[in-house]
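Report on the structure
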Amino acid sequence: MSDEEHHFESKADAGASKTFPQQAGTIRKNGYIVIKARPCKVVEVSTSKTGKHGHAKCHFVGIDIFTAKKLEDIVPSSHNCDVPHVTRTDYQLIDISEDGFVSLLTESGNTKDDLRLPTDENLLTQIKDGFAEGKDLVVSVMSAMGEEQICALKDIGPK
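The notes below deal with the structure included here.

**Let's talk about helix α1 (residues 121–132)**
For α1, which comprises twelve residues, the first-to-last C-alpha distance of 16 Å matches the rise-based estimate of 16 Å (1.5 Å per residue) to within 8%. Taken residue by residue, α1 has L123, L124, I127 and G130 as its buried positions. All buried residues of α1 lie within an arc of 145° about the axis, which places them on one face of the element. Facing away from the buried side of α1, by more than 90 degrees, are the exposed residues E121, N122 and A132. Trailing α1 by a residue or two, G134 shows a phi angle of about 80°, which is positive.

**Structural notes on the side chain of T106**
With respect to the helices and strands, the residue T106 is situated in the loop between β8 (101–105) and β9 (111–116). Beyond its immediate stretch of four places on either side in the chain, T106 contacts Y91 and K112.

**Quick look at the state of the cysteines**
Applying the stated criterion across every chain yields a total of zero disulfides. Take C58: it sits in no disulfide, and the sulfur closest to it among the cysteines is that of C81, at 7.5 Å. On the accessibility criterion, C58 (1% relative accessible area) is buried.

Rules used throughout
Residues numbered from 1 in each chain as written. Predicted model: local features only at pLDDT ≥ 70, side-chain atom pairs only at ≥ 80, totals over all residues. Heavy atoms only, no water. Helix = DSSP H or I, 4+ residues; strand = E, 2+ residues; numbered from the N terminus. Expected span 1.5 Å × (residues − 1). Buried < 20%, exposed > 50% of the residue type's maximum accessible area, 1.4 Å probe, protein only. Arc of directions from axis to C-beta. Contact = heavy atoms within 4.5 Å. Disulfide = S-S within 2.5 Å.

Written out as structure tokens, the structure reads:
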């Protein structure tokens, strides 16, 4: 055996998958599904009857949780679909930089500086105005499939 040390650069997150399989027939409205490699919230599900060759089909209409685009997919109800792991985390807003990034305070007391301001105009003006007035703001960050975006805002009072 050699005496030299081996260094492995790991970019994995403990083997945790970004999605999990779920049978298409069990996915309901307001759930989540992956359509065309994008995480979507299901807004409409319709199931067709079994035809001449067997499978009942599920027709999903979903809205991308990050871009708000409408996507559709048709899957046999007995087949598995990918369902994204979607998490919502609340962070306290510390600062807004000139280049459009926000500085957030995590639960553990560390800062998170890798998030951009949201593209939604209404939410963007609420965040900027509230921050300019010196309010204590808490933002909700939704994350799924390696993407993160600010999706909501709470005012917890003046500083």
